[in-house]
Structure formats: structure tokens, C-alpha cells
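Given next are the chains, with one letter for each unit.
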Amino acid sequence: MPRADGYLTTAEAAKLAGVSVNTIYTWRNRGHLVAQGLDERNRPLHTREAVRAAERRVRENGLQASGIDPRQLRRAA
């Protein structure tokens, strides 16, 4: 159930980006995604724009480092 304030939980952010929850944790740990707020239990919340920007950054970093688009890898699996 989406939050009324428009923020996304970690699970919702993962679903939006088409990645696992662990990937969202990794993006946060590596500084690609910064929480824009905290919920009532002090869990991180994100905006749609921040999640999309993080996904773009990670994809661009992967392309620069390997020349392979990670989205192509996901489709092949």
C-alpha cells in the first residue's frame, strides 16, 4: 500500500527500479541513493525521483566500467 506522503519504502523503491531489496541496500551503502526521510520506525524512505536517479547513476557507472548495460543482463537471465 503506497504511503499518503508519496515516499517509497525500500521494498517499493526496489519494485520501482526493478531490482531486489538488497540492491537498494547496496545503493544506499555505496552512496548512490540517499534516504529523503524516515518512517515512524526510523526506516529510510525515498522519492521516486531519487530512486530513478540512483538507477541511472548505477547504470552509467556500469556502462563506463564494463561496457555492458546491466538491464541487458537482467533480461538474459
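Before any of the text, the structure's been laid out above.
Bear in mind the structure is a predicted one, so any value in this text is a computation, not a measurement.

## A few points about the nonpolar core
- If you look at the biggest cluster of nonpolar residues, it comprises eleven residues: L8, A13, A14, A17, V19, I24, W27, L33, A50, V51 and A54.
- When residues of this core are traced back to their parent elements, those giving at least two are helix 1 (10-17), helix 2 (21-29) and helix 3 (48-66).
- Those residues within four positions of A50 in sequence are excluded, and the remaining contacts are L33 and Q36.

## Description of the packing of helix 1 against helix 2
- Close contact between helix 1 and helix 2 brings their axes to 8 Å; oriented N to C, the two are set at 100 degrees. By the angle between their axes, helix 1 is roughly perpendicular relative to helix 2. The segment helix 1 lies against helix 2, with T10, A11, A13, A14 and A17 engaging V21, I24, Y25, W27 and R28.
- Broken down by class, the residue content of the contact of helix 1 with helix 2 amounts to eight nonpolar, one polar and one charged.

Conventions used here
- Residues numbered from 1 in each chain as written.
- Predicted model: local features only at pLDDT ≥ 70, side-chain atom pairs only at ≥ 80, totals over all residues.
- Heavy atoms only, no water.
- Core = buried A, V, L, I, M, F, W, Y, C linked by side-chain atoms within 4.5 Å.
- Buried < 20%, exposed > 50% of the residue type's maximum accessible area, 1.4 Å probe, protein only.
- Helix = DSSP H or I, 4+ residues; strand = E, 2+ residues; numbered from the N terminus.
- Contact = heavy atoms within 4.5 Å.
- Axes fitted to C-alpha atoms, helices over the stretch in contact; angles between N-to-C directions.
- Parallel < 35°, antiparallel > 145°, perpendicular 65-115°, else oblique.
- Nonpolar A, V, L, I, M, F, W, Y, C, P; charged D, E, K, R; others polar.

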